[in-house]
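# Geometric and topological summary
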Amino acid sequence: MPHEASILGALLKPVSRRAFDASCEALGAEAYDKRFDAWTHFLVMVSAQLSGAGSLRAIEAAWCTQAPFHYHLGASCSRVSHSTL
């Protein structure tokens, strides 16, 4: 079965993952992360902005609802808690 990009994946296509990782490396943004990396945080925040979520619990609920589809976006974890955000 062929893979089709999600709407979020299509919107993020102009964002260079290589440039994003390079700037995170230069700034030391992932110095203390264990599982929740900067790219996943970026994905969660973009999806929250686009969905119009009004609280951390709403962001958590929206993100965890689509958990099986995060692999194709390059997310390091499929579920995230509001305390992590």
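Residues numbered from 1 in each chain as written. Predicted model: local features only at pLDDT ≥ 70, side-chain atom pairs only at ≥ 80, totals over all residues. Heavy atoms only, no water.

Attention now goes to the environment of Ser78. Residue position: Ser78 is located in the segment after helix 4 (56–65). For Ser78, a relative accessible area of 32% puts it in the partly exposed group. For the pair Ser78 and Phe36, spaced 42 residues apart in sequence, the C-alpha separation works out to 9.8 Å. In this view, Ser78 contacts Trp63, Cys64, Ala67 and His70; residues no more than four positions away in its chain are not counted. (Helix = DSSP H or I, 4+ residues; strand = E, 2+ residues; numbered from the N terminus. Buried < 20%, exposed > 50% of the residue type's maximum accessible area, 1.4 Å probe, protein only. Contact = heavy atoms within 4.5 Å.)

Attention now moves to the nonpolar core. One recurring pattern in soluble globular proteins: nonpolar side chains tend to sit buried together. Ranked by size, the top nonpolar core spans 17 residues in total, and within it Leu43, Val44 and Trp63 carry the most contacts. Among the secondary structure elements, those contributing two or more residues to this core are helix 2 (17–27), helix 3 (38–51) and helix 4. Looking at which element gives the most residues to this core, the answer is helix 3, with six residues. (Core = buried A, V, L, I, M, F, W, Y, C linked by side-chain atoms within 4.5 Å.)

What follows is about the confidence of the model for the protein. Looking at the protein, pLDDT values average 83 and 95% of them are 70 or higher. At the low end of the mean pLDDT range in the protein sits helix 1 (residues 7–11), at 83; at the high end sits helix 2, at 91. (pLDDT = per-residue confidence, 0-100.)

Once that is clear, we can look at the packing of aromatic side chains. In this structure the tally under the stated criterion is three aromatic pairs. Taking 5.1 Å as the distance between ring centres and 75 degrees as the angle between the ring planes, the aromatic pair formed by Phe20 and Trp39 counts as edge-to-face. Of this pair, Phe20 sits in helix 2 while Trp39 sits in helix 3, and the two are 19 residues apart along the sequence. Across the pair, exposure class does not vary: Phe20 and Trp39 are buried alike. Judged by centre distance (5.2 Å) and plane angle (40 degrees), the rings of Phe20 and Phe42 are tilted. Residue Phe20 is located in helix 2, and its partner Phe42 is located in helix 3; the two are separated by 22 residues in the primary sequence. Of the residues examined, Phe20 reaches a relative accessible area of 18% and is grouped as buried. Of the aromatic side chains, those joined through ring pairs into one cluster are Phe20, Trp39 and Phe42. (Phe/Tyr/Trp six-rings, centres within 6.5 Å; stacked < 30°, edge-to-face > 60°.)

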